[in-house]
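Next come the chains, spelled out residue by residue.
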Amino acid sequence: MNIKRAVIIGAGLGGLAAAITLQNKGFQTTLIEKNNHTGGKLHEVCLGSASFDFGPNTITMPQVFNEVVRQTGEEPENFFQFQKLTNHTTNSFKDGSSFMFSSDNERMKEELLSLDGYAADHFSSYLKEVKKLHDLAQNYFLRRTFKSWKDYLSLPLTKGLISSRPLETLDHFHRRYFKDERVISAFNRYATYIGSSPYSSPATFGLIGYLELGQGVFYTKGGNHKIAEGLEKLALKIGVDIRTAEEAQEIAVSKKTATLVVTDKSSYEADVVVLNGDLLTQYPRLIKETDRPSLSDKKIDHFEPSVSASVMLAATNKSFPLNHHHVFFGEDPRKEFTNIFEKGLFSDDPTIYICTSAKTEPARSPEGDNLFILVNAPPLHKKDASPSLKEEIIFNVLKKHKIDISPYLEAKKMIHPEDIKNKFHAFRGALYGLSSNDRKNTFLRPYNRSADINNLYFTGGSTHPGGGSPMVTLSGLNVGNLISKIHG
Ligand SMILES: Cc1cc2nc3c(=O)[nH]c(=O)nc-3n(C[C@H](O)[C@H](O)[C@H](O)COP(=O)(O)OP(=O)(O)OC[C@H]3O[C@@H](n4cnc5c(N)ncnc54)[C@H](O)[C@@H]3O)c2cc1C
């Protein structure tokens, strides 16, 4: 039998999921990654005695990662173990008040009652509605691949689209269930999970509320990077050829067919190629413009990237009163979103997210805390120099909340949007590929199959179904299954 060869460029979660799926379906699969580790944005960083997860700290939909393993007949628990965090996120405000997000519904109502009686009364109907949005997405969008515009021409899909509240904004949707501005800000922050603004992204993303408060937030024992390490272990076990520290430089195309992937070290003949590296930076880099009429350089230049981030990793020799996930809101979140998305600026009073996984697993920082501190940043400007966040702003905001970390720092590292762009070839430093600030980017993301090259496919945040760790993993699974159907 003639065994088909698949070459995958990029070993992020999308690339790993596609590699496992294709190898499992009988393709001889090679996975090429420019960095010296797999996992892409999800990887471990060690500073002093502390261990951090870079990238996804909030894990939802663990069933998606488990599914990648189960398809091979293996047990997910042998590769990574998830732990549910019930009272997972504390939201703290400038006036000293705070409330917790919990996936225990009764606890959640009590928490809301302390700030917003209307919200406590309406929480059950909110949860029902966001479950509906989640089920619609599950049935119509998440499990399918889009190969061309014709895939959108189906009656059930159109009905699904209309029912998913595409024309209402997320902020407007939340205001129907909650009245207090602090509570609205906390729910509106879900828009940042898709790198977007609640004032322009569609209410469809209310489904994130169901993922966090209905299904729950999870942590991976040993750190979330264990997901990537577990997937790598499985890929190697079933025979995927993984090449790290090797960068693809060209995809040779002949008669609308990708034939060869050329790297800085070697070249690989291919029957099918999957691009997991950011489509918006790597498609134009690897394929000559004349071979990709559907996505010219000019068209790519018009796409709006998702939000980027400035991240401080801080290992301290003191333990602070923080929850595993903790958000300190700025005074005016609306102004912050306007600054980021319309003016391309940082806020001088930013909302700060901190993940301290040592609160759940102390061994990750034996001396004190491992603070992953994230401030949303505007994507890098196209031409002029982009602003960068001053570290003092983080220290000062936290100090006002009585979290004075600077005297207790053992080690610290700053990562800026420029670093994210350079390390992962991320489009203008975006965390989640394209933003979902308009309906087109939400529902008509670039298709999973190239419109120009018959055997070239896309996975990852800039393509369907979107950014975030479970979504890109789903895109890898979906694309692997699609390829097997068409080329297997
Ligand atoms: C700071 C931060 C916080 C985040 N927080 C969360 C969170 O809490 N929850 C969540 O779900 N998601 C979060 N995300 C988003 C999540 O990390 C991403 O959506 C997801 O990991 C992206 O996976 P991917 O496979 O699409 O791409 P990537 O992880 O970017 O992988 C693509 C890989 O391709 C490689 N590559 C690119 N070009 C080439 C080439 N030419 N040759 C070889 N290799 C190449 C890159 O080096 C990279 O490793 C966060 C991201 C960041 C950066």
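Cut-offs applied
- Residues numbered from 1 in each chain as written.
- Predicted model: local features only at pLDDT ≥ 70, side-chain atom pairs only at ≥ 80, totals over all residues.
- Heavy atoms only, no water.
- UniProt positions renumbered as here; feature names shortened; annotations may be inferred.
- Near = heavy atom within 4 Å.
- Polar contact = N/O pair within 3.5 Å; in protein donor to acceptor, adjacent residues only side chain to side chain.
- Areas by Shrake-Rupley, 256 points an atom, 1.4 Å probe, with all protein chains shown as cover.
- Buried < 20%, exposed > 50% of the residue type's maximum accessible area, 1.4 Å probe, protein only.
- Helix = DSSP H or I, 4+ residues; strand = E, 2+ residues; numbered from the N terminus.
- Pairing = 2+ DSSP bridges.
- Axes fitted to C-alpha atoms, helices over the stretch in contact; angles between N-to-C directions.
- Contact = heavy atoms within 4.5 Å.
- Phe/Tyr/Trp six-rings, centres within 6.5 Å; stacked < 30°, edge-to-face > 60°.
- Lys NZ or Arg CZ within 6 Å of the ring centre and 35° of its normal.
- 1 Å grid on protein atoms, 1.4 Å probe; cavity = no way out; pocket = protein on both sides within 12 Å on 5 of 7 lines; lining within 4 Å.
- Points joined across faces, edges and corners; volume = space filled by probe spheres on them.
- Nonpolar A, V, L, I, M, F, W, Y, C, P; charged D, E, K, R; others polar.
- Domains from an automatic or database assignment.
- Salt bridge = Lys/Arg side-chain N within 4 Å of Asp/Glu carboxyl O.
- Parallel < 35°, antiparallel > 145°, perpendicular 65-115°, else oblique.
- Left-handed = near helix turned anticlockwise from the far one by under 90°.
- Disulfide = S-S within 2.5 Å.

The name given to the chain in an unreviewed UniProt entry is Phytoene desaturase, with the source organism recorded as Alkalicoccus daliensis. Under Pathway (unreviewed entry), UniProt gives the following word-for-word description of the chain: "Carotenoid biosynthesis." Check the Sequence similarities (unreviewed entry) section of the UniProt entry for the chain; it says "Belongs to the carotenoid/retinoid oxidoreductase family. CrtN subfamily."

> Any chance you could explain the site of the ligand here in plain terms?
Contacts to the ligand come from 37 residues, most closely from E33, K41, A248, G468 and S469. A distance of 2.9 Å separates an oxygen atom of the ligand from a polar backbone atom of G468. In the environment of the ligand, an oxygen atom lies 2.7 Å from a nitrogen or oxygen atom belonging to the backbone of S469. In isolation the ligand offers 1000 Å² of accessible surface; the protein chains occlude 96% of this area.

> Can you help me understand the pairing of strand 2 (residues 28-32) in this one?
Sheet faces and side chains relate simply in a regular strand, where the side chains alternate between the two faces. By the criterion of burial, strand 2 is predominantly enclosed, with four of the five residues buried. Bridge analysis of strand 2 against strand 9 (residues 241-243) gives three bridges, and the strand direction is parallel. Within strand 9, the position partnered with I32 by the bridge is R243.

> Sorry, what's going on with the sheet that holds strand 2 here?
Backbone hydrogen bonds hold the strands of a sheet together, and the pairing may be parallel or antiparallel. The strand order across the open sheet built from five strands is 9-2-1-13-19, with neighbouring strands paired in parallel fashion. Strands at the two margins of the open sheet, each flanked by one partner only, are strand 9 and strand 19 (456-458). Averaged over all adjacent pairs, the angle separating strand axes in this sheet is 20°, with direction ignored. Against the sheet, helix 10 (residues 279-286) makes contact with strand 1 (5-9), strand 13 (272-275) and strand 19, and its axis sits at roughly 135° relative to strand 13, the strand it touches most. Its contacts with the sheet place helix 16 (residues 469-487) against strand 13 and strand 19, and it is angled at close to 160° to strand 19.

> Honestly, the packing of aromatic side chains in this entry has me stumped. Any pointers?
In this description, a pair of aromatic rings is defined by centroid distance and the angle of the planes. Counting across every chain of the model gives 24 aromatic pairs. Where F93 meets F99, the ring centres are 6.2 Å apart and the plane angle is 5°; that geometry is what we call stacked. As far as the burial class goes, F93 and F99 line up, both buried. Above the plane of the ring of Y408 lies K318, whose end atom (NZ or CZ) is 4.9 Å from the centre.

> Help me out: how do you make sense of the layout of surface pockets in this one?
Remark: the empty space left among the atoms is shown by a probe the size of a water molecule rolled over them. A volume near 270 Å³ is recorded for the second largest pocket. Taken together, the elements giving at least two residues each to the lining of the second largest pocket come down to helix 10 and helix 14 (417-424). For the lining of the second largest pocket, the leading source of residues is helix 10, giving three residues. Along the lines of polarity and charge, the residues of the lining of the second largest pocket split into six nonpolar, four polar and six charged. A domain split of the lining of the second largest pocket shows at least three residues from each of domain 1 (1-42 + 63-73 + 222-303 + 439-488) and domain 3 (308-424).

> How do you make sense of the sheet that holds strand 12 (residues 267-269) when you look at a structure like this?
Spatially, the three strands line up as an open sheet ordered 10-11-12, and their pairing is antiparallel. Since the sheet does not close on itself, it has two edges, and those belong to strand 10 (248-254) and strand 12, each with one partner. Each strand of the sheet is rotated relative to its neighbour by a mean of 25°, with strand direction disregarded. Sheet topology places strand 10 next to strand 11 (residues 257-263); six bridges connect them, and they run antiparallel. Directly across from E250, in strand 11, lies its bridge partner V262.

> Sorry if this is basic, but what is going on with the pattern of salt bridges here?
Two side chains with opposite charge may pair up if their charged atoms get near one another. The tally for this structure, following the rule as stated, stands at 23 salt bridges. When the shortest N-O distance is used, the salt bridge between R5 and D271 registers 3.2 Å. Here the residue R5 occupies a position in strand 1, and D271 occupies one in the loop between strand 12 and strand 13, the gap between them amounting to 266 residues. What makes R5 partly exposed here is its relative accessible area of 27%. A salt bridge links R364 to D53; the nearest nitrogen and oxygen atoms lie 2.9 Å apart. With R364 in the loop between strand 16 (352-356) and strand 17 (370-377) and D53 in strand 4 (residues 50-54), this residue pair connects regions lying 311 residues apart in the sequence. R364 sits in the buried class, given a relative accessible area of 5%. Under the relative-accessibility criterion, D53 is labelled buried at 2%.

> Could you clarify how one ought to interpret the packing of helix 3 (residues 105-113) against helix 4 (residues 117-142) in this entry?
Two measures define how a pair of helices packs: the angle their axes make with one another and the distance between the axes. For the pair helix 3 and helix 4, the least separation of the axes is 7 Å and the interaxial angle reads 150°. As judged from the angle between their axes, helix 3 and helix 4 are roughly antiparallel. Note that helix 3 runs across helix 4; the crossing there is right-handed. Residue-level inspection shows N105, M108, K109, L112 and L113 of helix 3 in contact with helix 4, the latter providing G117, A119, A120, F123, S124 and L127.

> What is the right way to read the state of the cysteines from this model?
Summed over all chains, the structure comprises zero disulfides. Here C46 is not disulfide-linked; the sulfur of C355 is the nearest cysteine sulfur, at 15 Å.

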